[in-house]
Amino acid sequence: MSATFRRQYFPAATARDWANWQWQLLHAFRTREQLAGVLKLTTDEEAAFTRSDRPFPVSITPHYLSRMRLDDPQDPLRLTMVPRVQEHQVGPGELWDPLGEEPHSPVPRIVHTYPDKVLFLATDFCATYCRYCTRARVVGSGKLTAPNSIWEEALCYIAQHAEIRDVLVTGGDPLTLADARLDWLLARLRAIPHVQILRIGTKLPAVLPQRITPSLVHMLRRHAPLWLSIHFTHPNELSPEVARGCIRLADAGIPMVSQTVLLKGVNDSTAVLKDLFEKLLTLRVTPYYLHQCDPIVGSSHFRTPVATGQQIIRDLHGRTTGFAIPSLMIDAPGGGGKVPVGPNYIAGRDGADLLLKNYADKTYRYHDPV
Ligand code: SF4
């Protein structure tokens with residue numbers, strides 16, 4: 001599919017160009033005109049491009065665009081990447097900073113919500129901009145392009161807080177940084193004695209798998225224990241290139257988990273998510289979280305009722321591999337942290353017995369020792 005797309009829309013590009021992550025970034029589709037050369041934009045999409053009241057940038061790598069059905073405005077990947085006019089509407093409960101990250105930022109680039117974990121916002125740059133991004137207030141804005149002094153201040157904060165044992169390097173997408181810069185940051189974090197584990201939050205393995213080069217993987221494995229938390233949305237993302245990238249990471253011993261945002265009209269069905277999670281397992285990526293979409297301004301067209309996610313998890317339970325089933329989470333607005341909101345399997349109590357519902361909705365008794 002990608003070769004056909006390349007020949008049609010980039011006739012001068014070679015297969016070697018296509019396989020180069022920097023070529024992909026350089027040729028990302030960022031404007032209405034560029035996208036209109038490939039997709040027939042709908043009235044909604046056209047209208048979204050002409051508005052300036054939510055200046056969240058657009059960027060779609062050629063690889064990711066080649067995974068879309070170009071003539072289908074309801075293509076699931078397209079719905080997540082091409083702006084629609086609804087993103088300019090402010091719905092009930094929506095906020096620019098729904099997770100309360102700003103008030104939990106003791107120094108620039110650090111978000112410290114939980115006692116033992118911090119986020120390190122390494123960059124605001126992403127290869128593709130998801131229209132439901134929780135951090136749309138800063139991502140793609142140029143506000144997080146950090147001079148070294150800002151990173152030093154953030155590193156100093158972590159070094160001075162011995163309770164921090166887990167650092168999630170995120171952004172933006174940290175894998176868009178050059179190998180040497182990311183290596184420097186990870187080495188500095190690794191050198192802090194109380195930091196036990198490092199995590200990188202990224203969507204690049206899904207949208208820019210060409211980034212998973214042997215040299216990147218070689219560098220990452222030097223900073224073990226380091227986990228990749230990969231944002232996957234839909235099984236249509238799982239191209240041969242994506243599979244190769246994941247296999248390369250897994251073969252290097254880099255553990256991977258996935259995070260998926262539940263999105264209306266995109267992946268809010270048991271069949272779609274079962275397919276995604278089962279295929280991720282074959283790539284040695286463990287489905288970790290299924291997130292209820294955060295109430296970022298302009299996201300109401302993406303949000304499902306919480307009951308939808310609960311039903312999907314209920315449908316999966318007992319009908320696929322246990323660790324193909326992620327936890328359904330809501331990130332509590334205002335900085336409350338993640339709250340599991342999966343279905344409840346305890347039907348009640350009868351004396352000393354708990355009444356349990358199994359996957360087939362049959363009731364079982366379990367004597368509950370007091
Ligand atoms: S990849 Fe992550 S940080 Fe970047 S736009 Fe998507 S959700 Fe936001």
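Residues numbered from 1 in each chain as written. Predicted model: local features only at pLDDT ≥ 70, side-chain atom pairs only at ≥ 80, totals over all residues. Heavy atoms only, no water.

Visitor: Lay out the side chain of Arg-211 in plain terms, naming residues and giving numbers.
Guide: With respect to the helices, strands and loops of the structure, Arg-211 is situated in the loop between α10 (204-207) and α11 (214-221). Apart from the residues within four sequence positions on either side, Arg-211 is in contact with Trp-21, Leu-175, Leu-177, Ala-178, Asp-179, Leu-204 and Leu-216. (Helix = DSSP H or I, 4+ residues; strand = E, 2+ residues; numbered from the N terminus. Contact = heavy atoms within 4.5 Å.)

Visitor: Any details on the pattern of salt bridges? Residues and values, ideally.
Guide: What the rule picks out here adds up to 23 salt bridges. Asp-97 is the partner of Arg-137 in a salt bridge, and the nearest nitrogen-oxygen pair spans 3.5 Å. With Arg-137 in the loop between β2 (117-121) and α8 (148-160) and Asp-97 in the loop between α7 (76-81) and β1 (110-111), this residue pair connects regions lying 40 residues apart in the sequence. With a shortest N-O distance of 3.1 Å, Asp-353 and Arg-365 are connected by a salt bridge. Here Asp-353 is found in strand β11 (residues 353-357), whereas its partner Arg-365 is found in strand β12 (residues 363-367), with twelve residues between them in sequence. (Salt bridge = Lys/Arg side-chain N within 4 Å of Asp/Glu carboxyl O.)

Visitor: Any chance you could break down the environment of Ile-212 for me, citing the residues and the numbers?
Guide: Topologically, Ile-212 is positioned in the loop between α10 and α11. Distance from Ile-212 to Arg-244, taken between C-alpha atoms, is 8.7 Å for residues 32 residues apart in sequence. The contacts of Ile-212, once residues within four sequence positions are left out, are Leu-175, Pro-205, Val-217, Gly-245, Arg-248 and Leu-249.

Visitor: Would you mind going over the side chain of Thr-61 in detail, with residue names and values included?
Guide: Within the secondary structure, Thr-61 is located in the loop between α5 (43-50) and α6 (62-65). Thr-61 gets classed as buried once you look at its relative accessible area, which sits at 0%. Among the polar contacts listed, one links the side chain of Thr-61 to the backbone oxygen of Val-207, at a separation of 2.7 Å. Ignoring any residue separated from it by four or fewer positions in sequence, one finds Thr-61 in contact with Gln-24, Ala-28, Ala-127, Thr-128, Val-207 and Leu-208. (Buried < 20%, exposed > 50% of the residue type's maximum accessible area, 1.4 Å probe, protein only. Polar contact = N/O pair within 3.5 Å; in protein donor to acceptor, adjacent residues only side chain to side chain.)

Visitor: Describe in detail the nonpolar core, supporting the description with residues and values.
Guide: If you look at the biggest cluster of nonpolar residues, it comprises 91 residues, and the most contacted ones within it are Leu-35, Phe-120, Ile-158, Val-167, Leu-189, Leu-220 and Phe-232. Every residue in contact with Leu-189, bar those within four places of it in the chain, is listed here: Phe-120, Leu-155, Ile-158, Val-167, Val-169, Val-195 and Leu-198. Core analysis: the next-biggest nonpolar cluster, separate from the first, contains seven residues, Phe-56, Cys-126, Cys-133 and Ala-136 among them. (Core = buried A, V, L, I, M, F, W, Y, C linked by side-chain atoms within 4.5 Å.)

Everything listed here is a matter of geometry and, on its own, says nothing about what the molecule does.
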